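# Per-entry structural report
Residue-level listing of the chains:
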Amino acid sequence: MNCWEVLGIEPTGDHARIRAAYERQEKFASGEELERLRRAFKEATGGEPQTDNSPSDAGNERQHQVAETPAVVRQESQELDASERQVVREVVIQVRALLNDSSRSKDAQIWKAILGEPPADQPHVRKEIADALEPQVRPMAENGSFPAPVVQFLAGWFDWYSLRDAHAHDADEDDMEAEKSEGDQEPQEELPPQMVNFWPAVIGWIVGLAVLATLFSGMGGGG
C-alpha cells in the first residue's frame, strides 16, 4: 500500500489537501496505524506532520493556507477526472475529422454542436480542449481557412482574443479595399439608342416590291 492509499486521496502536490487527509484520519488512528499514517504523510510531502498544534490551531493554519493560495486550491479542484479526459479525447477526434471535410468545417453551427456538448462546455474541460487543438486549429483560422462566423466563434469560445482582433483588422482592410475599388471604377458611357428600326425597313421593302409588281403588270397588259 503506497502513501496515497494510506492517506485515502489521489496523488497531488497540494500540501493543504494532504494535510487535511492526514488530520482527518489522525483523529481515529493509534499505534502502528498512526505510525503508518505519519510515514505516508512524510513520503507525500517530504516533511514530518506537525503534532504540537491543537486541533483549533491546525484548523486555523489550514484556513490561513487556503486564504493565501486560493488560485492553487481552485486549480487543484478543477483537475479533470477520467471521464472528463475521455470527453477531451473524443472532442479532439471529432474536430480532427471535421477538419478533413472542407465543406462541413466552414459551418459554425457544426463547431458549436461539437464543442458545446456538455461536459465539453465546462471552463476547465474547454481549456484542455483548447490546448489540444490550438497547434492545428488556430493557424488554420489565422490563414483564412475558415469563414468569419467560424473564426469569431472559435476566438470567443477558446478565448483566442488575438485571433478575434486580427480577424476584425482583416475585415476592416477588406472593407477599405472594396470601397477603394468601387471608387476607382469609371462610370460607363451610355450607349446611343438604336438608330435603325427594323419594322419600318421591312414595310418599306414590301411597298417597293408592290410598286414594282404593279409597273410590270401594267407594261405586260399594254403590250
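Residues numbered from 1 in each chain as written. Predicted model: local features only at pLDDT ≥ 70, side-chain atom pairs only at ≥ 80, totals over all residues. Heavy atoms only, no water.

Before going further, it helps to examine the pattern of salt bridges. Tallying each qualifying case throughout the model produces four salt bridges. Between R19 and E23 there is a salt bridge; the shortest N-O distance is 3.9 Å. Taken together, the residues span about one helical turn, with R19 and E23 both in helix α2 (residues 15–26) at a distance of four residues. Residue class for R19 comes out buried when judged on its relative accessible area of 11%. Connected through salt bridges with shared partners, the residues E134, R138 and E142 form a single ionic network. (Salt bridge = Lys/Arg side-chain N within 4 Å of Asp/Glu carboxyl O. Helix = DSSP H or I, 4+ residues; strand = E, 2+ residues; numbered from the N terminus. Buried < 20%, exposed > 50% of the residue type's maximum accessible area, 1.4 Å probe, protein only.)

A word on α2. Taking 1.5 Å of rise per residue, twelve residues should cover 16 Å, and α2 covers 16 Å from first to last C-alpha, within 8% of that figure. Every buried residue of α2 is accounted for by A16, I18, R19, A21, Y22 and E23. Two or three places before A16, at the start of α2, stands the capping residue D14, its side-chain oxygen 3.1 Å from that residue's backbone nitrogen. (Expected span 1.5 Å × (residues − 1). Polar contact = N/O pair within 3.5 Å; in protein donor to acceptor, adjacent residues only side chain to side chain.)

For the bond from P118 to P119, the omega torsion is 0 degrees, close enough to zero to count as cis. As for its placement among the helices and strands, P119 is situated in the loop between α7 (108–115) and α8 (123–142). At D159, a residue that is not glycine, the phi angle is positive and equals roughly 60 degrees. With respect to the helices and strands, D159 occurs in the loop between α9 (148–157) and α10 (161–184). The class for D159 is partly exposed, based on a relative accessible area of 45%.

Turning next to the environment of K42. The topology assignment puts K42 in helix α3 (residues 32–45). Look at K42 and you get partly exposed, because its relative accessible area is 43%. Each C-alpha atom of the pair K42 and C3 lies 8.7 Å from the other, and the pair is 39 residues apart in sequence. Apart from the residues within four sequence positions on either side, K42 is in contact with G47 and E48. (Contact = heavy atoms within 4.5 Å.)

Attention now moves to the packing of helix α6 (residues 82–99) against α7. One way to put it is that α6 packs onto α7 with a least axis distance of 10 Å and a crossing angle of 165 degrees. Considering the angle they form, α6 stands roughly antiparallel to α7. In the packing of α6 onto α7, the handedness of the crossing is right-handed. Taking contact as the criterion, the partners of V91, Q94, V95, L98 and L99 in α6 are, on α7, I110, W111, I114 and L115. (Axes fitted to C-alpha atoms, helices over the stretch in contact; angles between N-to-C directions. Parallel < 35°, antiparallel > 145°, perpendicular 65-115°, else oblique. Left-handed = near helix turned anticlockwise from the far one by under 90°.)

Bringing the packing of α7 against α9 into the picture now. α9 packs onto α7 with a crossing angle of 25 degrees between their chain directions and a minimal axis gap of 8 Å. Considering their axes alone, α7 and α9 lie roughly parallel with respect to each other. Here α7 contributes A108, W111, K112 and L115 to the contact with α9, which in turn contributes P149, V150, F153, L154 and W157. Split by residue class, the contact of α7 with α9 holds eight nonpolar, no polar and one charged. (Nonpolar A, V, L, I, M, F, W, Y, C, P; charged D, E, K, R; others polar.)

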